[in-house]
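# Tertiary structure, described
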Amino acid sequence: MLPMAFTTPCTATARAAFLPTEPSAARIERLRQKLFSVERATGLTAECGLPLELGIAAIDAALGGGLGCGALHEIAAERETQSPAATGFALAVTARAARKSLRFLDREAFCRPFCRLGGNASAHAGGRNSPGRRAVLWIAEDLSLCENGAPYGPGLDAAGIAPEELITVTATRARDVLWAMEEALRCRAVGVVIGEIRARGINAVATRRLSLAAAAGGTLGLLLRTAPDDAPCAFATRWIIGAAPSSLLATAERRHGIGPPRLAVRLVRNRRGHLGAWIVEWSSVEQRFELATHSELMAGAAIDRPHRAAVA
Amino acid sequence: VWSSVSSSQRILSLWLERLSTDRIAQQWRDAKGPSQPLVVFGKRGTLDLLVAVDAAAERLGLRNGIALAQARAMHPALTAVPQDQAADARLLDALADWCQRYTPLIAADPSDGILLDISGCAHLFGGEQKLRDDLLARVRCFGFSARAAIASTIGAAWAAAYFDGAAVTPAGGERTLLAPLPLAALRLPHETVAALARLGLQRIGDLLDLPRAPLAARFGTDLLRNLDRALGREDEPLTPGRPVAPYIAEKSFPEPIAREEDVLATVERLAARLKLALTARGDGARSLELALFRTDGAVKRITAGTSRPLRDPAAIRALFVERLAALGDEIDPGFGFDLARLSVVVAEPCPDEQIGLAGGEDQAELDRLVDRLSARLGRTRVARLIAQDSHIPELAVHALPAQSTAGAELGWDAFRRFRTDVGLSPRPLRLLATPEPIHDLLALVPDGPPVRFRWRRAWHEVIAVEGPERIAGAWWSEEEGGPARDYFQVEDRAGLRFWLFRAGLYRDIARATPRWFLHGMNA
């Protein structure tokens with residue numbers, strides 16, 4: 001299957017790619033398209049609507065439009081203590097994904113009135129779930145929940161994830177978590193799967209299986225880890241998340257009031273484009289990320305956090 | 001539906017006459033122990049009496065009720081074993097479980113008998129006589145000496161089994177069966193039998209034509225009730241040890257099966273048969289049980305739950321695939337299973353399949369996923385969060401099995417109304433199962449927010465604070481009635497956000513020193 005995919009589209013487009021009249025930007029775009037078609041043939045990438053925009057132009061550009069939806073993304077905490085920050089990032093992405101599916105539904109309903117009719121009927125039949133809202137599964141190891149706490153409904157609700165959509169799954173072993181993730185990723189009724197694993201090494205075959213499952217189900221998979229890992233993997237992207245102080249101006253005295261959370265986000269693997277590091281602010285009310293300015297990052301990291309500098 | 005009308009009821013009474021000694025002999029045979037005349041003794045008052053004897057001991061003239069010392073004096077080579085009623089009861093339960101292969105209505109008769117309601121089941125085994133012979137042959141093959149009889153009432157079957165009556169008594173033949181049997185066959189207490197004997201009444205036939213009123217006046221109503229029940233004049237229901245499933249399908253194998261694929265294929269075939277019955281009554285399965293009868297008498301039971309009424313054989317098979325995978329080696333096929341039974345333990349009305357509504361299909365697919373995960377990992381491990389009406393943070397949310405909450409009202413709309421009404425301050429994303437104590441906490445004023453604290457061996461210097469939010473204990477409840485808590489959101493220098501609280505107030509320091517705990521984390 002793989003050689004077939006390589007030969008047929010490649011030979012056809014390779015000649016065209018070297019036409020002298022073509023501007024280079026268009027050429028790169030076309031090469032990218034070709035790469036995409038090859039990837040699709042391997043089953044690792046699925047066509048599942050629009051990518052999920054994070055809402056920051058710089059990051060979305062690096063991702064080639066946004067996070068691929070039928071794919072697996074690894075979100076690792078910088079250190080174990082920073083795992084709430086990684087959780088926050090994963091949940092923010094999940095909240096955006098849930099909102100995107102809602103928006104998509106509205107458009108659908110607007111275009112085709114019959115769809116709304118059907119939707120209402122099934123909402124009555126299914127009781128609680130409105131159509132189009134796909135479930136969120138949070139699959140975690142027992143130990144991880146002990147160490148880092150269990151998902152807390154009221155907090156999740158405020159962060160933009162309706163607890164009604166959430167199903168929590170716990171398992172005693174990491175391999176059970178991976179099994180449950182594969183099952184959930186294959187399910188078309190699931191929108192986002194968050195898998196939380198403490199094990200240090202996940203073998204490459206497992207990551208590939210999960211990626212294939214995500215592509216098959218068109219599901220967004222987020223693998224949440226307590227420490228970064230640089231083993232080879234089949235993930236679409238790999239992120240390392242740390243916490244960042246919400247404001248760096250008044251460091252001398254304690255402030256009253258806490259601003260929106262800030263996260264130090266590092267994109268360390270990306271199949272689509274270049275890598276990068278940003279400090280982003282998550283607004284849970286508007287459910288969007290904003291970029292905190294770069295100058296602040298530099299000053300802050302050098303002066304105020306000597307212990308972090310030492311670790312880095 | 002199982003009718004208990006006495007005219008159509010057929011009862012098989014099985015008596016395991018040497019249950020205790022057979023059990024011990026079996027254990028010893030496995031361990032290659034000595035096989036001597038064996039007796040079992042138990043304390044009655046201050047005396048050790050024989051309560052069970054094996055065939056060899058009986059031939060030597062030993063009987064139940066003889067003192068152990070006397071028996072030892074008569075036969076010094078005797079092996080005497082203390083009574084173990086719990087082990088006997090376990091064995092009897094296991095045997096009763098095994099008898100489920102004949103009928104689902106089984107009751108263990110106290111101490112050493114089993115009652116089977118075989119109404120409408122006998123033709124499956126080629127008639128009542130064949131059923132009884134098959135049962136006895138198998139039980140004897142396990143190493144138990146047993147007797148059995150079939151009649152239309154529990155009392156008559158019991159009397160025939162214990163007192164050598166006819167093997168099969170046709171309906172209406174109770175009177176002829178019972179008349180020559182001794183009065184003890186009526187399941188009467190010893191005192192009553194002895195009192196009747198003093199009057200010269202020895203056999204049941206002697207009672208049949210006596211006037212009832214004086215008998216009841218003298219011996220109580222139990223005597224007449226037992227007599228009426230044995231004769232079928234009064235209805236005596238059989239109380240099954242296990243609830244009877246509303247839908248049952250089973251298959252027996254001439255050649256035992258042991259491979260997992262064979263078991264699963266059988267499940268699918270049985271499920272296809274159940275589907276017909278379920279569809280006919282508009283039901284679906286919410287809880288299923290697969291019973292596998294091993295050739296050596298052990299019964300393996302595997303249950304699987306569903307989140308919505310289910311009929312589809314392939315989906316039922318998929319559930320048992322996960323259950324078998326989860327159980328692994330626990331399902332030991334031994335020499336194979338010779339009977340498989342699939343029962344719907346809980347059935348619920350199931351609306352006919354909807355076609356073409358996208359939302360409904362999604363929901364069905366999600367339910368199937370939940371079922372698979374629950375089957376493999378355990379029912380309670382796949383959960384939905386339910387909002388509870390409590391202001392104590394750890395009690396405000398409860399996780400319930402997702403299988404039982406499919407389509408249920410989870411209470412979050414009420415929570416959202418409550419939050420906007422009272423202007424609830426932010427809650428953490430993750431909550432620790434139990435609040436963890438914080439050490440070396442420094443606060444500028446006693447009731448004020450923390451400046452610095454140590455948690456999990458790391459120092460955190462607080463740079464921003466929100467709070468306090470006071471949550472008082474519920475005075476009306478023992479469980480929730482702890483000291484008042486002051487919650488703070490804090491951010492440390494690294495940007496980590498914690499939700500921590502002080503339990504107790506400094507004005508109450510005489511009663512208890514306030515302590516600090518970390519309860520949750522935020523991004």
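The notes below deal with the structure included here.

Reading guide: rules and limits
- Sequence order as written defines residue numbering, which begins from 1 separately in each chain.
- Each chain takes a letter, starting from A, and each ligand takes a number, starting from 1, following the order in which they are written.
- Selection of residues for local features in this predicted model requires a pLDDT of at least 70, selection of side-chain atom pairs for listing and counting requires 80 or more, and totals for whole chains, interfaces and linings are taken over all residues.
- Hydrogens and waters are ignored; side-chain quantities use all the structure's heavy atoms.
- Two strands qualify as a pair provided DSSP detects at least 2 bridges between them.
- Strands are runs of DSSP state E lasting at least two residues, helices are runs of H or I lasting at least four, and both sets are numbered from the N terminus onward.
- Between the N-to-C directions of two axes lies an angle of 0 to 180 degrees, each axis being a line fitted to C-alpha atoms and, for a helix, fitted only over the stretch in contact.
- Contacts are assigned to residue pairs with any non-hydrogen atoms lying within 4.5 Å of each other.
- The quantity reported as buried area is the accessible area (1.4 Å probe) lost by two parts once they are put together, taken as the sum for both.
- By convention in these notes, a salt bridge is any Lys or Arg side-chain nitrogen within 4 Å of a carboxyl oxygen on Asp or Glu.
- Only the six-membered ring of Trp is used, alongside the rings of Phe and Tyr, when aromatic pairs are assigned; centres must lie within 6.5 Å, and planes under 30 degrees apart are stacked while those over 60 apart are edge-to-face, with the rest tilted.
- The buried label goes to any residue with under 20% of its type's maximum accessible area, the exposed label to any with over 50%, and the partly exposed label to all in between, with areas taken from a 1.4 Å probe on protein chains only.
- Counted as over-ring charges are cases with an Arg CZ or a Lys NZ within 6 Å of the ring centre that also lie within 35 degrees of the ring normal.

## A word on the sheet that holds strand β9 (residues 283-294) of chain B
Residues and elements named next belong to chain B. One open sheet accounts for four strands, arranged β8-β11-β9-β10; its pairing is antiparallel. Looking at the sheet topology across the chains shown, the edges are occupied by β8 (247-257) and β10 (299-310). Ignoring which end each strand starts from, the neighbouring axes of this sheet average 15° apart. Pairing of β9 with β10 involves eight bridges; the strand directions are antiparallel. Pairing of Ala 291 across the sheet is with Arg 301, part of β10. Each of β9, β10 and β11 (337-349) is contacted by helix α13 (residues 313-327), which is oriented at about 135° to β10, the strand it contacts most.

## Overview of the interface of chain A and chain B
Note: interface size is frequently given as the accessible area lost on complex formation between the parts. Taken together, the contact pairs 76 residues of chain A with 61 residues of chain B. Summing the contributions of chain A and of chain B, the shared interface buries around 5,600 Å²; its carbon and sulfur component is 57%. Counting across the interface, chain A meets chain B through seven salt bridges. Notably, a salt bridge pairs B:Arg430 with A:Glu196, separated by 3.0 Å at the nearest N-O pair.

## Description of the sheet that holds strand β1 (residues 72-77) of chain A
The strands making up a sheet associate through hydrogen bonds between their backbones, and the pairing can be parallel or antiparallel. Pairing is mixed in the open sheet, where 11 strands are placed in the order β11(A)-β10(A)-β9(A)-β7(A)-β1(A)-β6(A)-β5(A)-β2(A)-β4(A)-β12(B)-β13(B). At either end of the open sheet lies a strand with only one pairing partner, and these are β11 (288-291) of chain A together with β13 (397-401) of chain B. Each strand of the sheet is rotated relative to its neighbour by a mean of 30°, with strand direction disregarded. Across four bridges, strand β10 (residues 276-283) of chain A lies against β11(A) in antiparallel orientation. Across the sheet, A:Glu281 pairs through a bridge with A:Glu290, a residue of β11(A). On the sheet, helix α8 (residues 174-186) of chain A packs against β1, β2 (135-141), β4 (166-171), β5 (190-197) and β6 (220-225) of chain A and is oriented at approximately 170° with respect to β5(A).

## A short note on the packing of aromatic side chains
Taken as a whole and judged by the stated rule, the model has 16 aromatic pairs over all chains. Taking the centre distance of 5.3 Å and the plane angle of 50° together, the rings of A:Phe89 and A:Trp239 count as tilted. On the criterion of sequence distance, the pair formed by A:Phe89 in helix α4 (residues 83-111) and A:Trp239 in strand β7 (residues 237-244) is long-range, its members being 150 residues apart. A single burial state applies to A:Phe89 and to A:Trp239, both of which are buried. Judged by centre distance (5.9 Å) and plane angle (85°), the rings of B:Phe453 and B:Phe498 are edge-to-face. Taken together, the residues B:Phe453 in strand β16 (residues 450-455) and B:Phe498 in strand β19 (residues 497-503) connect sequence positions 45 residues apart. Neither B:Phe453 nor B:Phe498 differs from the other in exposure class; each is buried. Here the aromatic residues A:Phe89, A:Trp239, A:Trp282 and A:Phe289 are joined through ring pairs into a cluster of three or more. Of note, B:Arg376 hangs over the ring of A:Trp179, and the distance from its end group to the ring centre comes to 4.2 Å. It is B:Arg485 that lies over the ring of B:Phe501; its NZ or CZ is 4.7 Å from the centre.

## Let's talk about unusual backbone geometry
Trans peptide bonds make up the majority, and among non-glycine residues the majority have a negative phi. All names here are of chain B. Positive phi, normally seen in glycine, also occurs at Asp 164, with a value near 60°. For Asp 164, a relative accessible area of 59% gives the class exposed. Its identity is not glycine, yet Arg 457 carries a phi of approximately 65°, on the positive side. Using a relative accessible area of 79% as the deciding quantity, one classes Arg 457 as exposed.

## Overview of the pairing of β7(A)
Residues and elements named next belong to chain A. Counting buried positions along β7 yields eight of eight residues, so the element is predominantly enclosed. Here β7 shows a buried face lined by Thr 237, Trp 239, Ile 241 and Ala 243 and a second buried face lined by Arg 238, Ile 240, Gly 242 and Ala 244. By the bridge criterion, five bridges tie β1 to β7 in an arrangement that is parallel. Looking at β7, one finds that Ala 77 is bridged to Ile 241. Note that β7 and strand β9 (residues 262-270) share eight bridges and pair antiparallel. Within the sheet, the bridge partner assigned to Thr 237 lies in β9 and is Asn 270.

## Some details on the environment of B:Ala166
Residue and element names in this part refer to chain B. Relative to the assigned elements, Ala 166 resides in the loop between α6 (154-162) and α7 (174-178). Exposure remark for Ala 166: the relative accessible area of 37% places this residue in the partly exposed category. Taking the C-alpha atoms as reference points, Ala 166 and Arg 372, 206 residues apart in sequence, are found 52 Å from one another. Leave out the neighbours within four places in its chain, and Ala 166 touches Ala 149, Ala 160 and Leu 177.

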